[in-house]
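Coordinate analysis (summary)
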Amino acid sequence: MPALPLHEAGKYVAAAYVVVFALVLIYVAIMAIRLSRVERELGELLEQADRRQERENAPEDLARPGAAV
Amino acid sequence: MYGRGLRALSLATAATWTVALGLVFFYAPLEADQGFVQKIFYVHVPLAIVSLCGFVLGGVLAIQHLRTRDARWDLRSYVVIHMSLILGVGTLITGSIWAKASWGHWWVWDEPTLVSFLIVFLLYATYQPLRFSIEDPERQSRYASVFAIAAGAFVPLNFAAVRMSTGYVHPRVLGDTSNLPGPMALTFLVSLLAMALLYATLCKYEMTAKHARGQVRALRRKLSGEAQAQGRSAAPTLHSGSSGPSPAPSPRTAGATAARSAGASSAAPATSSTPAVGRPGA
């Protein structure tokens, strides 16, 4: 087949490069979702660790003189 | 640590891609026969080469996994094949676009290169369902490695068979028939390097993400003080702190007990190490 003129060939070339760009973009979007999930889980774990620390410190506070007042 | 060197690799990838695109559109001359459409060559062929090399690499990493029984090799093999599949999708789509532009058809069934690549792609498309269908993580990783080795050996054989076939409609890039002029060859090599770097970066991102997720899960287990039920997943499970051979425990022993105590079925895709196929849940 003869070479396509630039105005016709341009859309095919653009489409090919857009496909690659879109694949990478979709992958980055998926990674962003995963990252936000890990961030949320880490936040939950931090809260869990704080609660645990409070529970561990609570008996010490109660044992101090005047803590029950 | 999988994240080490990730920033440098990402920057190198971005820089190489910038150079490659500059060369493609401002340096490489227009091909006399195909004209501007030939610019697709600089993205389609590197996609195909890197994808096929990734499949072979997946087989090599799987051999290492079977030799050492180290779960990290299984993770690497899994990620490499996973990324090659994504690039394979890109290869098929960009190839179809190029075929339409230069041959007038989206797909040509009697062209050996196209059909053979589709066969390889479809073969590897069964990799994740295969993994997901096996519940026991140890058996899953072993069977997946055997599959990756067999399929990885098939890729060069398939490539050689297509080369030796008679139909030479598809243009040859590497080999005796290659007659790329200097600027085109340079542009092609830089594009190939850019694609290889992108592939390596994405693989590293994926492994870092999976490792981080595994560590968060291990931390959760440590804080809650109990073993969590491990649901079925296609992705390999990495145990935090494991540096040597550490095959994942069978759910029939540890996981199944924990699943019963948690009131969950270990076969359901409830808690997985990665969300590749199975979804992480409570």
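Residues numbered from 1 in each chain as written. Chains lettered and ligands numbered in written order. Predicted model: local features only at pLDDT ≥ 70, side-chain atom pairs only at ≥ 80, totals over all residues.

Quick look at the overall build of chain A
What chain A contains, in helices and strands, is one helix and zero strands. When burial is assessed residue by residue, chain A has 9% of its 69 residues classed as buried. (Helix = DSSP H or I, 4+ residues; strand = E, 2+ residues; numbered from the N terminus. Buried ≥ 20, exposed ≤ 12 C-beta atoms within 10 Å, placed from the backbone.)

Here's the deal with the interface of chain B and chain A
On the side of chain A, 24 residues touch chain B, which itself brings 31 residues to the contact. Of all the secondary-structure elements, those providing two or more residues to the side of chain B that touches chain A are α2 (41–68), α3 (71–103) and α7 (182–224) of chain B. Looking at the side of chain B that touches chain A element by element, the count peaks at eleven residues for α3 of chain B. Split into classes, the residues belonging to the side of chain B that touches chain A amount to 19 nonpolar, seven polar and five charged. (Contact = placed C-beta atoms within 7 Å. Nonpolar A, V, L, I, M, F, W, Y, C, P; charged D, E, K, R; others polar.)

Some details on helix α1 (residues 6–26) of chain B
All names here are of chain B. In this model, α1 (21 residues) spans 30 Å end to end at C-alpha, consistent with the 30 Å of a helix rising 1.5 Å per residue. Three or more residues of α1 are buried, namely Thr 13, Ala 20, Leu 23 and Val 24. Along the long axis of α1, the arc covered by the buried residues comes to 100°, so they all point the same way. In this structure, α1 carries Arg 7, Ala 8, Leu 11, Ala 15, Thr 18 and Phe 26 as exposed residues pointing more than 90 degrees from its buried face. In the core, the buried residues of α1 are packed alongside α2 and α7. (Expected span 1.5 Å × (residues − 1). Arc of directions from axis to C-beta.)

Comments concerning the packing of α3 of chain B against α7 of chain B
Residues and elements named next belong to chain B. The geometry of α3 relative to α7 is characterised by a closest axis approach of 10 Å and an angle of 130° between their N-to-C directions. By the criterion of interaxial angle, the relationship of α3 to α7 is oblique. Like other packed secondary-structure pairs, α3 and α7 cross with a definite hand, here right-handed. Counted together, Leu 75, Arg 76, Val 79, Val 80, His 82, Met 83 and Leu 87 of α3 and Tyr 199, Leu 202, Cys 203, Glu 206, Met 207 and Lys 210 of α7 form the full contact between these two elements. For the contact of α3 with α7, the per-class residue count stands at nine nonpolar, one polar and three charged. (Axes fitted to C-alpha atoms, helices over the stretch in contact; angles between N-to-C directions. Parallel < 35°, antiparallel > 145°, perpendicular 65-115°, else oblique. Left-handed = near helix turned anticlockwise from the far one by under 90°.)

Remarks on helix α6 (residues 137–164) of chain B
In this model α6 of chain B runs 40 Å from its N-terminal to its C-terminal C-alpha over 28 residues, within 8% of the 40 Å that 1.5 Å per residue would give. Turning to α6 of chain B, its buried residues number three or more, namely Pro 137, Gln 140, Ser 141, Ala 144, Ser 145, Phe 147, Ala 148, Ala 151, Gly 152 and Val 155 of chain B.

Examining unusual backbone geometry
All names here are of chain B. In the Ramachandran plot, Arg 69 falls in the positive-phi region, its phi being about 60° despite a non-glycine side chain. Structurally, the position occupied by Arg 69 is in the loop between α2 and α3. The class of Arg 69 is partly exposed, set by 16 C-beta atoms lying within 10 Å.

What to know about the packing of α3 of chain B against α6 of chain B
Residues and elements named next belong to chain B. Close contact between α3 and α6 brings their axes to 11 Å; oriented N to C, the two are set at 50°. Classed by the angle they form, the pair α3 and α6 counts as oblique. Crossing geometry of α3 relative to α6 is assigned as left-handed. Between α3 and α6, the residues in contact are Ala 71, Asp 74, Ser 77 and Ile 81 and Ser 141, Ala 144, Ser 145 and Ala 148, respectively.

What to know about the confidence of the model for chain B
Residue and element names in this part refer to chain B. On average, residues of chain B carry a pLDDT of 79, and 77% of them reach 70 or more. Per-element mean pLDDT across chain B ranges from 38 in helix α8 (residues 251–262) up to 94 in α2. Long-range and interchain partners of residues 241–282, a stretch whose pLDDT sits below 50, account for 93 contacts in this model, where long-range means more than four residues apart. Scored as a whole, the predicted complex attains pTM 0.77, and scored at its interfaces, ipTM 0.74. (pLDDT = per-residue confidence, 0-100.)

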